[in-house]
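Listed below are the residues making up each chain.
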Amino acid sequence: MSPDIDSAGRVWSLESYFPTFGGSEMTAFKKQLQGDIRQSAEAAGRLPDLDAATASDWEEIILLAEDAQARLEHWSSYVSCLEAAHADKERYPQERAAINRERAVWERIDIELVRAFRTASASTFDHFLQREALRPIAHALKKIRTRSDYALSTPMERLASDLNLDGIQAWSRLYDRLSGKLLFELRLPDKQVAVKPISQWRSLMAHPDRNVGRAAFEGGNQAWQGIEDACAAALNAIAGTRLTLDRHRGRPHFLDEPLFKSGIQRQTLEAMYAAVKERLDLPREFLKMKAAAMGRRAIAFFEREAPLPVASGQAFNWMEAIGLVERSFSAVYPALGEHFRRMLGTGWIESEARANKRPGAFCTRSKKTGEQRVFMTFNGTLGDVATLAHEVGHAWHGHLLRTQRPWAQNYPMTLAETASIFAEQILAQGLYRSPDVDHNEKLAMLDEDLSGMAVLLLDITTRFEFESALYREREEGELGVSRLKAMMVAAQQQVYADALAPGGEDPYFWASKLHFYISDLAFYNYPYTFGFLLARALMANFNQDGPSFLPRYEAFLTASASDTVEKVVLKTLGQDITRKEFWRVALQSLEADLLHYRQLLPQKA
Ligand SMILES: [Zn+2]
């Protein structure tokens, strides 16, 4: 059956995962996988630590574990697609629970690898990495070895992990439960009062009517105040547990573990923030321009994502949307345009607006088939067109990685958004030139882009500054509610400076921001800024060098999980991200966008 061009990209095809859900192929696949995972876990549990005598047995276990994990992810990717596209069906969440159970068994292999690598001498380990089948995944193995350097003894690790269930994870669950149930009163200017769930808080604060935004902010913060002691206790316990574990594991700094997970060195993070702090004037300037357009000098913290009041809302149909994306891609990056057409033609994109679809958008891929799938719901806004380009950017990254071994495809969070933001920027450049997009729509789009930039440079930096201060002070003892509020206000004033109206701070942001309460991930903030600026720097290079840049860009994406981020960028792009100068280029590129924004803003009479 040839794909009908009008329906391309509306409903995806998932048959290359499995012909049918729960059919004989899928049943046999699962049975084989479960057997392999158990067999590897048991063999690993029996095998003594790594040395010359056990090396070939460990190699065998690693190869089977790598392949089993790729199959596990194939199954998981398939179920993610089904869960998202059929949110009303109960059998898919049940399948998800089965996948999670299998993952827990798989993790036993990982624990044994950490144990096996710990006592191996440096020369034994280097020798091991030289084995032909292991060389392509040496980086992944080195990361396991580093984890083993900081691991406690096996019984101590077991105790820590059991205590975490009732400790750090319990605090995180308590926060989720309290915040999830939270209700707030919205007192509108006409004196009407409505009780709203906290899930609507963020969008109400960004309401085009600033009075509604303020009423939401005040009502919401009253609700957070009601659970401030519980939030403060959770935050203190989460930070305290991490500091205690770091001390026992011999990790001297609270950033060591987050930096290891995100694949970068301290020096790189410091270089990035040094460059950001030099140019905080750029996002501040944007917020002040926006405030001026609303007749004010500065904004309040809760307004940082509020849209500019312009009459936009041009609607696009699906064919227009794919035309805009395709033309923008093909004009400057033909291979990306070609991949987009391939995805449309082979049923890899799901965009139809219909009932029982989950909200949001994502890209998923299979390391077994080398295919990707994009999920979204297209409602005809320009934001939806940008989402499409963003997700296709992710798919392109996955497409390039498919040539690598499974364990050389797991890039760190710092590189997760590079390809997607890069693709979004290509679309944006195409749209600003396009005669099919009207003036107000262009302004609204640039406003949204720059609001995102301001969040990444100001809001995220505030979070990073606050969290750093929290860990520094927590080392001395517990922090009370009033101290947390004062620290949060100080961080906002320092980072936003004159772009923030006096009294416009949000003292409860430490309580309302979920990201501070994720039990297995600290500093869930700077990787966003990192990814954004890296993509901007790459785009600046592309604009300067033209098409000759693209082979280097593709080499970078292909190698993105094969080494530390510093080495990947150096080897493929020839740039040194440990230096402030690299990041300056990215920040400088924002000047043109600000100028463009100023030109598009309606002129005051
Ligand atoms: Zn993304």
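Since this is a predicted model, take the numbers as computed values, not measurements. Per chain, residues are indexed from 1 in the order of the written sequence. The predicted origin of the model limits local features to residues at a pLDDT of at least 70 and limits the giving and counting of side-chain atom pairs to 80 or more, whereas totals for whole chains, interfaces and linings rest on all residues. Excluding hydrogens and water, the side-chain values take into account all heavy atoms of the structure.

A.B. asks: So what about the overall build of the protein? Which residues, and what values?
C.D. replies: Counting its regular elements, the protein contains 25 helices and five strands. To get the radius of gyration, use the C-alpha atoms; to get the globule rule, take the number of residues to the power 0.38 and multiply by 2.2 Å. The C-alpha radius of gyration of the protein comes to 25 Å, within 12% of the 25 Å expected for a compact globule of 605 residues. Note on classification: 1.4 Å probe, protein chains only; a residue is buried when its accessible area is under 20% of the maximum for its type, exposed when over 50%, partly exposed between these limits. Taken over 605 residues, the protein has a buried fraction of 54%. Note on contacts: a residue pair qualifies if any of its non-hydrogen atoms lie within 4.5 Å across the two residues. Sequence separation of 24 or more characterises 75% of the internal contacts of the protein that already satisfy a separation of 6 or more. On the protein, roughly 26,800 Å² of surface is accessible, and the fraction owed to carbon and sulfur atoms is 52%. Between the mean site of the 73 positive side-chain charges and the mean site of the 79 negative ones, the protein shows a separation of 1 Å. A helix here means a DSSP run of H or I that spans at least four residues, while a strand means a run of E at least two residues long, and both kinds are numbered starting from the N terminus. The Shrake-Rupley method, run with a 1.4 Å probe sphere, supplies the accessible areas, and residue values consider only the shown protein chains as cover. Charged residues are defined narrowly, with Lys and Arg counted positive, Asp and Glu counted negative, and His plus the chain ends left uncounted. Every charge is mapped to an atom, namely NZ of Lys, CZ of Arg, CG of Asp or CD of Glu.

A.B. asks: Describe in detail the sheet that holds strand 3 (residues 349-350), supporting the description with residues and values.
C.D. replies: Two orientations exist for strands paired in a sheet by backbone hydrogen bonds: parallel and antiparallel. One open sheet holds the three strands; their spatial order is 3-5-4, and the pairing between them is mixed. The strands lining the two open edges of the sheet, one partner per strand, are strand 3 and strand 4 (362-365). Here a strand pair is declared whenever DSSP counts at least two bridges between the two strands. Note: strand 4 against strand 5 (residues 372-375), four bridges, orientation antiparallel. Paired with Arg365 across the two strands is Gln372, which belongs to strand 5.

A.B. asks: Requested: an account of the coordination of the zinc ion, with residues and values cited.
C.D. replies: For the zinc ion, the protein coordination sphere consists of His390 (NE2), His394 (NE2), Glu417 (OE) and Glu417 (OE), at 2.1 to 2.7 Å. One can describe the donor arrangement at the zinc ion as irregular, given that its four donor atoms subtend angles of 51 to 139 degrees at the metal. Counting the intervening residues between successive donors of the zinc ion yields the motif H-x3-H-x22-E. In this pair, His390 is assigned in helix 16 (residues 382-401) and Glu417 in the loop between helix 16 and helix 17 (418-433), connecting sequence segments 27 residues apart. Exposure remark for His390: the relative accessible area of 15% places this residue in the buried category. Any N, O or S atom lying within 2.8 Å of the metal counts as a donor, with the limit raised to 3.2 Å for Na, K and Ca; because water is left out of the atom set, some sites can appear incomplete. Under this scheme a four-donor centre is tetrahedral when all angles range from 85 to 135 degrees, a four-donor centre is square planar and a six-donor centre octahedral when opposite donors are above 155 degrees with the rest from 65 to 115, and any other centre is irregular.

A.B. asks: How would you summarise helix 2 (residues 55-85) if you had to cite specific residues and measurements?
C.D. replies: Helices are assigned an expected span. That span is 1.5 Å times one less than the residue count. Over its 31 residues, helix 2 runs 45 Å from end to end, which matches the ideal 45 Å to within 8%, given 1.5 Å per residue. For helix 2, the tally of buried residues reaches 23 of 31 residues, placing the bulk of the element in the interior.

A.B. asks: Please give an account of the packing of aromatic side chains that cites residues and values.
C.D. replies: Put simply, two rings from Phe, Tyr or Trp (the six-membered ring, in Trp's case) pair if the centres are within 6.5 Å, and we call them stacked under 30 degrees between planes, edge-to-face over 60, tilted for the rest. With the rule as written, the count across this model stands at 37 aromatic pairs. Taking the centre distance of 6.1 Å and the plane angle of 25 degrees together, the rings of Phe549 and Tyr553 count as stacked. Looking at Phe549, the relative accessible area reads 1%, which means it is buried. The exposure class of Tyr553 is buried, given its relative accessible area of 1%.

A.B. asks: Lay out helix 1 (residues 24-46) in plain terms, naming residues and giving numbers.
C.D. replies: The end-to-end C-alpha separation of helix 1 is 33 Å, in line with the 33 Å expected for 23 residues at 1.5 Å each. Of all the positions in helix 1, only Met26, Phe29, Lys30, Leu33, Asp36, Ile37, Ser40, Ala41 and Ala44 are classed as buried.

A.B. asks: Residues and numbers for the packing of helix 1 against helix 2, please.
C.D. replies: Lines fitted to C-alpha atoms define the axes, with helix axes restricted to the stretch in contact, and inter-axis angles between N-to-C directions lie between 0 and 180 degrees. As a packed pair, helix 1 and helix 2 sit with axes 9 Å apart at the nearest point and diverge in direction by 145 degrees. In the packing of helix 1 onto helix 2, the handedness of the crossing is left-handed. Of the residues in helix 2, those in contact with Met26, Phe29, Lys30, Gln32, Leu33, Gln34, Asp36, Ile37, Ser40, Ala43 and Ala44 of helix 1 are Trp58, Ile61, Leu64, Ala68, Arg71, Leu72, His74, Trp75 and Tyr78. Take the far helix as your reference; a near helix turned counterclockwise from it by less than a right angle gives a left-handed crossing, and one turned clockwise gives a right-handed crossing.

A.B. asks: Which residues make up the side chain of Asn525, and what values do they have?
C.D. replies: By the secondary structure assignment, Asn525 is in the loop between helix 20 (509-512) and helix 21 (526-545). On the basis of relative accessible area, Asn525 is assigned to the buried category, the value being 2%. Contacts described as polar in this section are N or O atom pairs within 3.5 Å, which, within protein, must combine one atom able to donate a hydrogen with one able to accept it, while residues neighboring in sequence count only if both atoms come from side chains. One polar contact links Asn525 to Glu467, side chain to side chain, over a distance of 3.0 Å. Once residues within four sequence positions are removed from consideration, Asn525 is found in contact with Ile460, Arg463, Phe464 and Glu467.

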